[in-house]
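Residues per chain are reported as follows:
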Amino acid sequence: MSELNLAGRAGRWSADNWKKALFGWLIFAVAAMAIGSIVGHVQMRDSQYASGETAKAARLLERAGFTQPASEVVLLQSGKHTAADPIFISALGGVVQTLSLQKDVTNIQDPRVKPGGGGQISRDGHSVLVQFTIKGDPNTAKDKVKPILDAIAAVQTANPSISVREVGNASANYELGKRFTKDFANAERLTIPITLIILLVSFGTVVAAGLPVLLAFSAVLASLGLYSLVTHTYAGDYQSVSSVVLLIGMAVGVDYSLFYLRREREERAAGLETRPALLRAASTSGQAVVISGATVLIAMAGMFIADNRIFTGMAIGTMLVVLCAVIGSVTVLAASLAKLGDRVDWGRIPYFGRKKHAAGESRFWGFVLDRVLRSPVVFIVLFAGLLLLAATPALNMHTKLPSFTDMPSNMPIVKTYKSVIAAFPGAPTPADVVVHAQNVRDPAVATTIRNLELTAVATGQMFRPMIVTISADNTTADVQIPLAGNGDDKASLAALTTLRDVVLPRTLGKVQGVDYAVAGETAGTHDFNEQMKARMPWVIAFVLGLAFVLLLMTFRSVVIPLTAIVLNLLSVGAAYGLLVLIFQGTWAEGLLQFTSNDAITSWLPMFLFVVLFGLSMDYHVFILSRIKELRDGGMATEEAVSRGIRRTAGTVTSAAIIMVAVFAIFGTLQLIMMKQLGVGLALAVLIDATIIRGVLLPATMKLLGEWNWYMPPWLEWLPSLTPEQRTEAEPRRRRQRAIPGH
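Each chain carries its own residue numbering, running from 1 in the direction its sequence is written. Predicted model: local features are reported for residues with pLDDT of at least 70 only, side-chain atom pairs are reported and counted for 80 or more only, and whole-chain, interface and lining totals are derived from all residues. Hydrogens are left out, water is left out, and the side-chain values use all remaining heavy atoms of the structure.

**Examining the sheet that holds strand E8 (residues 467-470)**
Strands are labelled as partners when DSSP assigns at least two bridges between them. A run of H or I in DSSP becomes a helix once it reaches four residues, and a run of E becomes a strand once it reaches two; helices and strands are each numbered from the N terminus. Spatial ordering of the open sheet is given by E8-E9-E7-E10, a layout of four strands whose pairing is antiparallel. Of all the strands in the sheet, the pair left with one neighbour each is E8 and strand E10 (515-520). Averaged over all pairs of adjacent strands, the angle between strand axes in this sheet comes to 20°, irrespective of strand direction. Relative to E10, strand E7 (residues 431-436) runs antiparallel, the two being bridged by six bridges. Think of each axis as a best-fit line through the C-alpha atoms, taken over the contacting stretch in the case of a helix, with angles from 0 to 180 degrees between the N-to-C directions.

**Re the packing of helix H7 (residues 206-230) against helix H8 (residues 238-269)**
Helices that pack against each other are described as a pair by the angle of their axes relative to one another and the distance between those axes. Remark: H7 packs on H8, axes separated minimally by 8 Å, with the N-to-C direction vectors making an angle of 145°. The two elements H7 and H8 cross, and the hand of that crossing is right-handed. Along the contact surface, H7 presents Ala208, Pro212, Val213, Leu215, Ala216, Phe217, Val220, Ser223, Leu224, Tyr227 and Ser228, while H8 presents Tyr238, Val241, Ser242, Val245, Leu246, Gly249, Met250, Gly253, Val254, Ser257, Leu261 and Arg265. Grouping the amino acids of the contact of H7 with H8 by side-chain chemistry returns 16 nonpolar, six polar and one charged. If you view the pair so one helix is near and one far, a crossing is left-handed when the near helix is turned anticlockwise from the far one by less than a right angle, and right-handed when it is turned clockwise. Pairs of residues are marked as contacts when any of their non-hydrogen atoms sit within 4.5 Å. Any residue outside Ala, Val, Leu, Ile, Met, Phe, Trp, Tyr, Cys, Pro, Asp, Glu, Lys and Arg is labelled polar, Gly included; the first ten of those are nonpolar and the last four are charged.

**Focus on the packing of aromatic side chains**
Think of it this way: a Phe, Tyr or Trp ring, Trp meaning its six-membered ring, pairs with another when their centres are within 6.5 Å, and the plane angle makes it stacked under 30 degrees, edge-to-face over 60, tilted otherwise. Counting across every chain of the model gives ten aromatic pairs. Pairing phenylalanine 583 with phenylalanine 594 gives two aromatic rings, centres 4.8 Å apart and planes at 45°, and the pair type is tilted. Residue phenylalanine 583 is found in helix H18 (residues 559-583), and its partner phenylalanine 594 is found in the loop between helix H19 (589-592) and strand E11 (600-601); the two are separated by eleven residues along the sequence. An identical accessibility class is assigned to phenylalanine 583 and phenylalanine 594; each is buried. Pairing tryptophan 603 with phenylalanine 607 gives two aromatic rings, centres 5.9 Å apart and planes at 80°, and the pair type is edge-to-face. Residue class for tryptophan 603 comes out buried when judged on its relative accessible area of 2%. Any Lys NZ or Arg CZ found within 6 Å of a ring centre and within 35 degrees of that ring's normal is scored as a charge over the ring. Lying over the aromatic face of tyrosine 234, arginine 309 brings its terminal NZ or CZ to 4.1 Å of the ring centre. Directly above the ring of phenylalanine 367 sits arginine 371, whose terminal nitrogen or CZ lies 3.6 Å from the centroid. Relative accessible area decides the class of each residue, using a 1.4 Å probe on protein chains only: under 20% of the type maximum gives buried, over 50% gives exposed, and in between gives partly exposed.

**Considering the pattern of salt bridges**
Counted as salt bridges are all cases of a side-chain nitrogen of Lys or Arg within 4 Å of a carboxyl oxygen of Asp or Glu. Using the criterion set out here, one finds 21 salt bridges in the structure. Linking arginine 626 and glutamate 629 is a salt bridge whose minimum nitrogen-to-oxygen distance equals 4.0 Å. With arginine 626 and glutamate 629 both in helix H20 (residues 604-632) and three residues apart, the pair spans about one turn of that helix. Judged by relative accessible area, which is 5%, arginine 626 ranks as buried. When its relative accessible area of 15% is taken as the criterion, glutamate 629 is described as buried.

**Observations concerning the confidence of the model for the protein chain**
The predicted coordinates should not be examined in detail at positions where pLDDT is low. Looking at the protein chain, pLDDT values average 85 and 94% of them are 70 or higher. Contacts of residues 355-359 to residues separated by more than four positions or lying in other chains number twelve contacts, the stretch itself having pLDDT below 50. What pLDDT reports is the predictor's confidence in each residue, on a scale of 0 through 100. Scored below 50 in pLDDT, residues 724-742 shows 36 contacts in the model against residues more than four places distant or in partner chains.

Here's what the structure looks like:
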């Protein structure tokens, strides 16, 4: 009587009830997609992105029912004419009049009615700013800005001698939304055909290649529908999460199906009948998929510790798609294989369609393994040294939140932003000093706010024009103060420090009953980075700790999880270093079509760590499961390592090629944060599937020998998650504990 593990039981049930498994999945996926589309999603508010003091500023504003309005500026500029020339004055009048006619425009700052222009006329007189805000919720301002942009474009047409351009958060979000939608659609169009082509080459048949793609894509669509529902309870950044769900979902969904399907074909090629081959694949590769998925879920759960909605949303979305991919792989795929039988080989492609191509051992990796196992110390020193060298640039990593400088440089709005910065430092991205008092119009408070402006300008790090907006209940004021620099460079950070540590304590800090906090782009990046620095060690400890326990229970060894963690950290470190080398320099700009902002997106290091750690465990668990299975069958460790890696090399190589291809597609996107994500993941998977799994893993296991399977007696009580199939007639044998000298 057989004793099947979890995946084996799931495979057996699915094979016996293929209609329930297959149609149940289809109903679930379609229902999730349909409901998600009907109810839509709730986008997180800008204030919910905030950390530290920036979050405090957001809370002060929300408490007063005061939302920071979306501010925009119109830049009028001429190399020939100055603000005093009639032609310039006419264009300026046209801008102000046009804005005043727009129903969603308020708080227009007209330099003509301010003493000395109110700081809105550049020193050389060739540039003028008209500032205004968009009515209503700043989160929906991007939906209202197009008529304003069109109106300003009409002013430009009427005044060809003067450059008239608009820039601000709302217009930037509008342009980015269009670019993101286009990029995301291109990624969707490319992902499936490229994945299918690779699988056609790998399996050699149309049906076998199509199953993983269909399963993975249905898991992605279902997960997006489910995540839309989640946002009604816990709002997130849907755009970022949807990109990540597509990226990770297609990669792991295809990988899991590939592991399962390859093993089933291998067992059929070895002579087993359809059902025994399916059950064998379910209880071995299927269980490895369950354990791999659990490892990814653990890694994703680490992002909850970051205590940030960006990471929490990404964690929820990724966990949903991984869970769907695992469930689909151990049920729907088993049901499909049970129904199709040998028809899974239908649509055989000449040359690639040979069955032994899918089940045989890799000659290339066999050649590599022979040399690695012959001289393990040499290969460990050489390749571990290379990875450590690749990781060293990570010591100089600089992170920042996405801003204007991260937008594609060929976008007109980016050129406008740079022109504004050159003529009016800090104007497009000012610091927001949020002031809270019983009545901010009280003479003492109002006088202090005016002194704040004078003190700020006196530092030489802050500039006019400054805009003060007061809430309807008079309890809160928002003072916008332009800072030196471009919003995220050293000059801006230095100005922020001066504002927080010097200017505010000397002004608002001396008035009793006044509370204040600083927000804005510069403050947001600084506070987010500080929070990540504080949380990152806890995230790492959580992920490594739970992964260690999971692998300990899976492989009944303390050595296996320790070596796995060390090897995965090497892989992640090298990916970090290469990411810094590529994106914080300029040498790869032409190759990858980007403009360096000398920084890595702030959320990327933590996200990459948890994702890469989880994904790298896919290969590790899959390979080690086969090695353990062979070793439990009586092979010596060295022979099991050699045979196990040879047998799994083809599957791992195909899976890695698919992952690298999918991730590389995102490396072609124009948004730099998506480009960094795609390139970082592609590099890490490439390193992991080659250097780590093909060289360092076998070399390390060869050196450790029987110590690989050492399990202290006092830990034997732990439950077993072993991936192998067992029978009552063949109980799992007791582990031999490695003893020095034996």
